[in-house]
Amino acid sequence: MTTSWEAAELIRGSLDHCVKCTICESACPVAAATSLFPGPKYVGPQAERFRTHEPSVDASLDYCSGCGICTLVCPQGVHVAEINAQARQKMKSQRGISLRDHLISRTPVQGKLGTPVAPLANAVLGNRTARLITEHLIGIHRSAPVPKFAGHTFQRWARRRPAATGTDRVVYFHGCSTNYFEPGLGEKTVAVLEHNGFSVVIPPQECCGLPLQSNGIFDTARSYVTRLVRNLAPYARQGYKIVATSTSCGLMLKREAIEILGVDDNDLRVVSEHTYDICEFLVDLDAAGRLRSDFGPVPMTVTYHAPCQQQGHNIGKPALDLFDLIPELKVVDLDRACCGIAGTYGLKREKYDIAMQVGSGLFSDIRDAHPDAAVCDSETCRWQITHGTGMTSVHPVEILYRAYGL
Amino acid sequence: MVGRPIFEIPTVPPSAPGMRLAKVLQDRLRRAGGRLVLGSEVVGAEVQGGQLAGVRVKIAARQLAWMCRWVVLATGGFASGGITVDLSGAVSETALGLPVSGPSPYEPQFLPRYLDEHPMATAGLRVDPLLRPLAHGEPVYPNLYAAGAVIGGARPVREKSGDGISLSTGYLAAGIILQEAG
C-alpha cells in the first residue's frame, strides 16, 4: 500500500495557506476547556515546522481531541485537523503507544469478546470497583460512558433475513456500534429503507479503523479499512449506494482514510464516492420526489445536536430537513460545537474531565430544553450526552421509524 | 467601574466584535429557518437559460449542486482566496470563474517603494449599482450579487475602507434580494 501523493499534498500544501488568523483557535472546543491544549493553530501549522525525525519536546498535541472543527471553520482551506492527526501518529510512534490506546481502539476485538458473555461483561463495566481497578491498571476513566453489549450481533440478524432480491438496492454499512451495541438501530434503519422501496444488502463487514486512526495507530487502521472496502467495493462498482448510520465511520470511508491515513486504493475510492450518511441519502431521496411522505404525527420535543464528524461531511444538517416533514414534532436545533467525547478521547483518565467540560454547554442546553429525547447522529456522542444529561439520546432514524409507524 | 465610556476597535481575527456579529447573524438565520453549511467549497456555477440556477460545491467524497433563486458572492479578495493570481500573473475569480479586472500579466507585480500600493490591491469584480458582477458592461447573471472584498476598485488598506465596503455591500445585496422576493 502506498500513501497517495494527493493526500500528502493536501496536508503539506494546505499548511502554507495558513495566515494565522486564529479562527480555528477561537472555535476549538478543547482549547476553550483546558490550558493543556494551546489550540489547533499552535500545535498544527505552527508546530509542524519543528517536527523532524527527532521527537518534539512538546507533547501538547496529544490533547487535541480530533473533532475536526478547526478544518471546518478554516476560511483558508487549511486541513488543520488532518495535519494534527498525522502529527499525532508520528509523535505516538516516537513515544510509544499505551496498552490502553491499543485496547480502546479495537472495537471488533471488544465486540467479539464481550458479545458471548454480555451479561457478565455489562456487569463488570457497570461495577464501580471493577471500573476503579480498570482506571488504575489501564487508564480508562472510572466514570466514562461505555456502551452495553447487546448480547447478539446485528450481523446475526442480517444473516437470517432473506437475501435482497429487489432491483432497487442499497447497501447498509452499519459499523461496529450497531453490530455489537445497538443492533436495534440497524433493524430500524433497514425498516425505514425497505419502507421506501429498497432492497437492503448487508454485506459481512468489520471495523473501518477510525478509533485506531484517532489513536495514532495508522498501520492497523489501514489494514482494517482496506479489508472493509474489499467487501463493499463490488457493490459500489455495480452502482449501488452505501448508506451509513454511524456518521463518523461514514466519514472515514468518504475522506478520512484517504486524507489522514493516505490510503491509495481503488476499492476505497469507489466506496468513498458511493457512501452516504443515512440522512443525506434520505434528503436526496426527498429532493428526487422518492421519499415516502406517510409520516404520522410524533408529538415530541427533541433536541438535535449535529456531531462534529457529521459536520465534516459538509452537508449541513439534513436531519433537520427530514424532521420538518414530521407532523407535530418540535425540534430544538442546538448551536454547540462538541459533546467532548470525540470517539475515545473522553474515555481516557487524563482527558475525561476536559471532555466533560467541553460538553458542559451542550448538556445544559439539552437539559434547559426539557426534551423527550436528545437526537444525535453519532453513537459515542449519544452515550456521552446520556452520561452528561441523564437523558435518552437517539439516532435520527429512530424518529423517522416512529413517524412511519413501523 | 472606570467611569469612562468604552469603545471597541474591530481588529483582525480573533476579533471580539467580529465574533459577536457573526453569532448574531447566525442566530438570526437559524431562527428564520435558514440553514448554515460550513466547510463546503464552491467550485462552479450551475447555469440554466442565462440564469444562475445554483452553485456546484465540493463536499466530502464528491461534488453536488445546490439550486437557489439568488446567489450572493462574498468569497473575499486576494487575501481570502476569492481572487487569485497564477504564476503567469493572470488574475481570476475562483468560485464562479467571473471576469476580473486587475493588473494584467504585463504590468509590474511590485512597485519600487516598500509602502507603495500593491497593484493586486484593486483587483476584483466590476459591478453595476445593483452589485451584479459585469462582463463587457452587462450583468453576467441577473440573480448574482457580489459583496465585500471580491469587488474590485477599492484600495482597502490605504483607504481603511475594507470593513465598511463589506458591511454596506452585504446589507445592500440582502436588501435588493428582499425587494425582489417581495
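Looking at this structure, how should I read the overall build of chain A?
When its secondary structure is counted, chain A shows 23 helices and eight strands. A compact globule built from 406 residues should have a C-alpha radius of gyration of about 22 Å, and chain A, at 21 Å, falls within 12% of that. Across its three principal axes, chain A shows a C-alpha extent of roughly 60 × 45 × 40 Å. Burial status across chain A gives 54% buried among its 406 residues. Contacts in chain A between residues at least 24 apart in sequence constitute 78% of all its contacts with a sequence separation of at least 6.

Would you take a moment to explain the interface of chain A and chain B for this structure?
Contact residues are listed per partner, giving 25 residues for chain A and 17 residues for chain B. Contributions of two or more residues to the side of chain A that touches chain B are made by α2 (23–27), α5 (69–73), α16 (247–259) and α17 (266–274) of chain A. Taken together, the residues of the side of chain A that touches chain B break down into seven nonpolar, 11 polar and seven charged.

Help me out: how do you make sense of the packing of helix α15 (residues 218–237) of chain A against α17(A) in this one?
To characterise two packed helices, one gives the angle between the axes of the helices and the distance between these axes. Residue and element names in this part refer to chain A. Here α15 crosses α17 at 65 degrees, and the two axes come no closer than 8 Å. Like other packed secondary-structure pairs, α15 and α17 cross with a definite hand, here left-handed. On α17, the residues that touch V225, V229, R230, L232, A233, A236 and R237 of α15 are D267, L268, V270, V271 and H274. Classifying every residue of the contact of α15 with α17 by side-chain character gives eight nonpolar, one polar and three charged.

Definitions and limits used
Residues numbered from 1 in each chain as written. Chains lettered and ligands numbered in written order. Predicted model: local features only at pLDDT ≥ 70, side-chain atom pairs only at ≥ 80, totals over all residues. Helix = DSSP H or I, 4+ residues; strand = E, 2+ residues; numbered from the N terminus. Rg over C-alpha atoms; globule rule 2.2 N^0.38 Å. Buried ≥ 20, exposed ≤ 12 C-beta atoms within 10 Å, placed from the backbone. Contact = placed C-beta atoms within 7 Å. Nonpolar A, V, L, I, M, F, W, Y, C, P; charged D, E, K, R; others polar. Axes fitted to C-alpha atoms, helices over the stretch in contact; angles between N-to-C directions. Left-handed = near helix turned anticlockwise from the far one by under 90°.

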